[in-house]
Amino acid sequence: MTDLYAGDFANKNLVGGPYSDAFAEVFAATASSTSPATGEKIYYGKLPAGSVVTDLDFGWADFGAGNTINVGFELDGTPPSGMVIATLPDGTTYTAGQAAFWFSAKDISTSASGGRTASSSMPIRFKWPVKLVGVQTGTVVATPNSYLVVKGHFRGAQ
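The residue count restarts for each chain, going from 1 along the sequence in the order it is written. Only residues with pLDDT of at least 70 get local features here, since the model is predicted, and only at 80 or more are side-chain atom pairs given and counted; chain-wide, interface and lining totals rely on the full set of residues. Computation of side-chain values covers all heavy atoms of the structure but excludes hydrogens and water.

A. Quick peek at the overall build of the protein chain. The helix and strand inventory of the protein chain stands at 0 helices and 12 strands. To qualify as a helix, a DSSP run of H or I must reach at least 4 residues; to qualify as a strand, a run of E must reach at least 2; elements of each kind are numbered from the N terminus. Starting at the N terminus, the α and β elements of the protein chain follow one another as β-β-β-β-β-β-β-β-β-β-β-β. Type-normalised accessible area, obtained with a 1.4 Å probe on protein chains alone, sets the label of each residue: buried when under 20%, exposed when over 50%, and partly exposed for intermediate values. Within the protein chain, the fraction of its 158 residues that count as buried is 41%. Relative to all contacts within the protein chain whose residues are 6 or more apart in sequence, the contacts with residues 24 or more apart total 84%. Each accessible area value is a Shrake-Rupley result obtained with a 1.4 Å probe; residue values ignore everything except the protein chains displayed when judging cover. Counting only carbon and sulfur atoms, one obtains 51% of the accessible surface of the protein chain, whose full area is about 7,400 Å². Between two residues, a contact is recorded if the distance between any of their heavy atoms is within 4.5 Å.

Rendered as structure tokens:
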């Protein structure tokens, strides 16, 4: 299997303005006619520790009939054993990545115009750096593009 990495996967420096700690960024990946295949990952980008994601939209071109995707996060590196790496406003904590945090089995087999949808997940604060990742299921057609629009702010690492 060959995972697909966005062209600028590890090269985006998220910064807020001079009087703000907010960010909004687009992380995009271009597929090929053979990648991603079922079960392969699409790595969109990285978020540093201290990031709070308040909104995440997923956009896609036509991946072909029967294709779905999970969109979530993986750890970037290995935190200390048992470390809480992310928290939600309701007190939920995570000690591992969540492969389908924002979307689970999202249908991406729409017409050639593709689509865009917003996640209904709660805001999440990362206490450890993470990778934004999608795992696609189905047989990809043509060269579909997909992207994440990530909005949030920085609270600093704890």
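That was the structure; now back to the text.
B. Just the pairing of strand S12 (residues 145-154), in detail. Summarising the sheet, strand S2 (residues 22-30) and S12 pair through 9 bridges and their orientation is antiparallel. When the sheet's bridge partners are listed, Thr-30 is paired in S12 with Asn-145. Between any two strands, at least two bridges found by DSSP are needed for them to pair. As judged from the 9 bridges shared by strand S4 (residues 51-60) and S12, these two strands associate in the antiparallel manner. The partner of Leu-56 across the bridge, within S12, is Val-150.

C. Region of interest: the pattern of salt bridges. The term salt bridge refers to a side-chain nitrogen of Lys or Arg lying within 4 Å of a carboxyl oxygen of Asp or Glu. Tallied over the entire structure, the rule returns 3 salt bridges. Two residues, Lys-46 and Asp-76, come together in a salt bridge whose shortest N-O distance is 3.4 Å. Placement of the pair is Lys-46 in strand S3 (residues 41-47) and Asp-76 in the loop between strand S5 (68-75) and strand S6 (86-87), with a sequence separation of 30 residues. What makes Asp-76 partly exposed here is its relative accessible area of 24%.

D. Expanded view of the packing of aromatic side chains. Pairing of aromatic rings covers Phe, Tyr and Trp, the last counted by its six-membered ring, and requires centre-to-centre distances within 6.5 Å; plane angles under 30 degrees mean stacked, over 60 mean edge-to-face, and any other angle means tilted. A complete count under the given rule lists 10 aromatic pairs for this structure. Ring centres of Phe-58 and Phe-103 lie 6.1 Å apart, and the angle between their planes is 50 degrees; this geometry places the pair in the tilted category. Residue Phe-58 is found in strand S4, and its partner Phe-103 is found in strand S8 (residues 98-107); the two are separated by 45 residues along the sequence. Comparing Phe-58 with Phe-103, the two get one shared label, buried. Taken together, a centroid distance of 6.0 Å and an interplanar angle of 85 degrees make the contact between Tyr-94 and Phe-101 edge-to-face. On the basis of relative accessibility, which here comes to 16%, the residue Tyr-94 falls in the buried class. A residue is classified by how much of its surface remains accessible, and Phe-101, at 12% relative accessible area, is buried.

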